[in-house]
Amino acid sequence: MTRPMRIAVTGAAGQIGYSLLFRIASGEMLGPDQPVIIQGLELPVAMNALEGVAMELTDSAFPLLHGVEVADDPKIAFKGADIVLLVGSRPRSAGMERADLIRVNGPIFTGQGQAIDTVAAEDAKVLVVGNPCNTNCLIAAAQARRVPRANFTAMTRLDHNRAVGQLALRAQATPAQVKNVIIWGNHSSTMVPDTDRATIDGRSVPDLLDSAWLEGPFDETVRERGKAIIQARGKSSAASAANAAIDHIHDWFLGTGDQEWTSMAVPSQGQYGVPEGLIFSFPCRITGPWQYEIVEGLELSASVKSKMQATIDELASERETVKDLL
Ligand code: NAX
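Residues numbered from 1 in each chain as written. Predicted model: local features only at pLDDT ≥ 70, side-chain atom pairs only at ≥ 80, totals over all residues. Heavy atoms only, no water.

*Asks:* Hey, could you go over the overall build of the protein for me, with residue numbers and the actual values?
*Replies:* Summing up its helical and strand segments, the protein has 10 helices and 14 strands in all. For a compact globule of 326 residues, the expected C-alpha radius of gyration is about 20 Å, and the protein comes in at 19 Å, within 12% of that figure. For the protein, the spread of C-alpha atoms along the three principal axes comes to 50 × 45 × 40 Å. If you take every contact in the protein between residues at least 6 apart in sequence, the share linking residues at least 24 apart comes to 74%. When the accessible surface of the protein is split by element, carbon and sulfur atoms take 52% of a total near 13,900 Å². Charged side chains in the protein number 29 positive and 38 negative. The centres of these two groups are separated by 2 Å. (Helix = DSSP H or I, 4+ residues; strand = E, 2+ residues; numbered from the N terminus. Rg over C-alpha atoms; globule rule 2.2 N^0.38 Å. Contact = heavy atoms within 4.5 Å. Areas by Shrake-Rupley, 256 points an atom, 1.4 Å probe, with all protein chains shown as cover. Lys, Arg positive; Asp, Glu negative; His and termini not counted. Charge placed at Lys NZ, Arg CZ, Asp CG, Glu CD.)

Laid out in structure tokens, this is it:
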């Protein structure tokens with residue numbers, strides 16, 4: 001029998017967690033042949049709620065679910081974890097600037113990074129969803145001594161999927177027909193959606209769709225979609241965020257199918273002029289199970305190049321804000 005993989009999830013009783021855990025347990029993340037054990041982490045105040053979620057997981061009788069464990073201590077929750085999904089973080093409260101949010105989250109991700117490095121599997125794969133996810137990932141990765149830093153990634157797949165969704169709508173196509181979109185940079189409004197190499201049903205997007213729409217409403221919709229969801233729902237994206245986390249891990253493990261690449265925020269090694277070490281969203285090709293490589297050598301348009309600088313600058317300044325934690 002295939003050994004069950006241990007999946008640790010933080011913020012497991014939150015709204016993303018409530019969607020995510022059931023899809024992990026049903027096999028959508030790692031495929032229909034891979035059993036899983038879920039190890040949920042929550043704050044002490046949310047442990048009752050997490051116990052309730054664990055009961056519901058048991059009540060779902062998922063054939064692939066070989067166990068559910070809950071804890072309020074990362075050194076317990078991350079023990080032996082093959083995959084760690086860092087979803088929980090301090091939300092932004094009224095009047096808080098982005099820099100304040102980064103500072104209050106810093107110590108959480110230092111502690112969780114240390115716990116991963118101490119007790120998780122030595123080749124554990126990490127996905128940071130909790131915002132500001134790129135810099136939270138940078139902070140956690142700074143604690144890595146045993147687990148390779150390249151295994152620390154952050155989520156821009158929701159932005160990628162949002163771009164695919166908008167292109168499919170506009171072209172009256174299905175999402176599966178849309179290929180090779182790229183999100184560059186930070187998961188924030190400075191991200192750069194890039195459709196220069198995207199295709200829909202084999203046809204080049206710049207040929208198919210008008211550039212005024214691509215540069216204007218499309219670009220803005222993708223970058224500001226999170227705010228639009230909050231306005232409409234009164235709550236931030238949850239099911240689509242959980243879906244993106246499933247897609248990120250699924251593709252990292254099982255490949256991107258007939259897509260050449262997907263968007264993942266990973267440690268830069270200096271590609272495209274991005275300073276080394278920043279957790280930056282690049283087009284990533286999956287070359288085997290848990291093997292990604294940044295797609296290099298793409299010629300960037302003048303428009304993409306000029307927008308790239310703003311997202312590089314933002315991430316560099318976020319790194320400066322937390323430099324004592326690195
Ligand atoms: P919720 O507030 O519903 O849930 C968060 C949960 O995390 C809570 O149950 C809380 O008790 C727990 N938590 C907080 N600190 C913790 C810690 N130190 N250890 C363990 N658990 C902790 O938020 P939810 O809607 O689930 O969103 C979670 C995070 O995802 C937020 O930071 C949010 O900003 C971020 N998002 C990131 C996205 C992305 O694309 N990267 C998109 C969706 C989402 O906005």
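Okay, back to it.
*Asks:* Can you explain the sheet that holds strand 10 (residues 199-200)? Please cite residues and give values.
*Replies:* Strand order across the open sheet formed by three strands is 7-10-11, with antiparallel pairing between neighbours. Looking at which strands have only one partner, the edges of the open sheet turn out to be strand 7 (178-179) and strand 11 (203-204). With two bridges joining them, strand 10 and strand 11 adopt antiparallel strand pairing. By the bridge assignment, Thr199 is partnered in strand 11 with Ser204. (Pairing = 2+ DSSP bridges.)

*Asks:* Which residues make up the environment of Tyr272, and what are the values?
*Replies:* On the secondary structure map, Tyr272 appears in the loop between strand 12 (262-267) and strand 13 (279-288). Linking Tyr272 and Leu298, residues 26 residues apart in sequence, is a C-alpha distance of 8.8 Å. The residues contacting Tyr272, other than those within four sequence positions of it, are Trp184, Phe282, Val295, Glu296, Gly297, Leu298, Leu300 and Met308. Among the polar contacts listed, one links the side chain of Tyr272 to the backbone nitrogen of Gly297, at a separation of 3.3 Å. (Polar contact = N/O pair within 3.5 Å; in protein donor to acceptor, adjacent residues only side chain to side chain.)

*Asks:* Describe the site of the ligand, naming the residues involved and giving the relevant values.
*Replies:* Inspection of the region around the ligand gives 24 residues, with Gln15, Ile16, Glu42, Ser89 and Asn131 positioned closest. Within the contact set of the ligand, an oxygen atom lies 2.9 Å away from a side-chain nitrogen or oxygen of Asn131. Contact with the protein chains hides 81% of the accessible area of the ligand, taken as 880 Å² for the molecule alone. Judged by its atoms lying within 2 Å of the grid points, the ligand is housed in the largest pocket. Those elements that provide at least two residues to the shell around the ligand are helix 1 (15-26) and helix 4 (98-119). Among the residues making up the shell around the ligand, the classes are represented as 12 nonpolar, 11 polar and one charged. Two domains share the shell around the ligand, each providing at least three of its residues, namely domain 1 (5-154) and domain 2 (157-321). (Near = heavy atom within 4 Å. 1 Å grid on protein atoms, 1.4 Å probe; cavity = no way out; pocket = protein on both sides within 12 Å on 5 of 7 lines; lining within 4 Å. Sits in = over half its atoms within 2 Å of the grid points. Nonpolar A, V, L, I, M, F, W, Y, C, P; charged D, E, K, R; others polar. Domains from an automatic or database assignment.)

*Asks:* Account for the packing of helix 1 against helix 2 (residues 47-59), naming residues and giving values.
*Replies:* Where helix 1 meets helix 2, the axes come as close as 11 Å, and the angle between the chain directions of the two elements is 30°. Here helix 1 lies roughly parallel to helix 2, going by the angle between them. Considering the relative orientation of helix 1 and helix 2, their crossing is right-handed. The segment helix 1 lies against helix 2, with Tyr18, Leu21, Phe22 and Ala25 engaging Val53, Glu56 and Leu57. Its residues assigned to classes, the contact of helix 1 with helix 2 shows six nonpolar, no polar and one charged. (Axes fitted to C-alpha atoms, helices over the stretch in contact; angles between N-to-C directions. Parallel < 35°, antiparallel > 145°, perpendicular 65-115°, else oblique. Left-handed = near helix turned anticlockwise from the far one by under 90°.)

*Asks:* Run through the nonpolar core, naming residues and quoting values.
*Replies:* Counting 58 residues, the largest nonpolar core has Ile7, Leu20, Ile24, Leu30 and Leu85 as the members making the most contacts within it. In terms of residues, this core owes the most to one element, helix 9 (residues 239-254), which gives eight residues. When residues of this core are assigned to domains, at least three map to each of domain 1 (5-154) and domain 2 (157-321). Excluding anything up to four places from it in sequence, Ile7 contacts Ile24, Met29, Leu30, Val36, Ile37, Ile38, Gln39, Ile83 and Leu85. (Core = buried A, V, L, I, M, F, W, Y, C linked by side-chain atoms within 4.5 Å. Buried < 20%, exposed > 50% of the residue type's maximum accessible area, 1.4 Å probe, protein only.)

*Asks:* Break down the pattern of salt bridges for me, citing the residues and quoting the values.
*Replies:* Tallying each qualifying case throughout the model produces 17 salt bridges. Residue Lys179 is joined to Asp258 by a salt bridge in which the shortest nitrogen-to-oxygen separation is 3.2 Å. Note that Lys179 is positioned in strand 7 and Asp258 in the loop between helix 9 and strand 12, a separation of 79 residues in sequence. In this structure Asp258 comes out as exposed when scored by relative accessible area, which is 60%. (Salt bridge = Lys/Arg side-chain N within 4 Å of Asp/Glu carboxyl O.)

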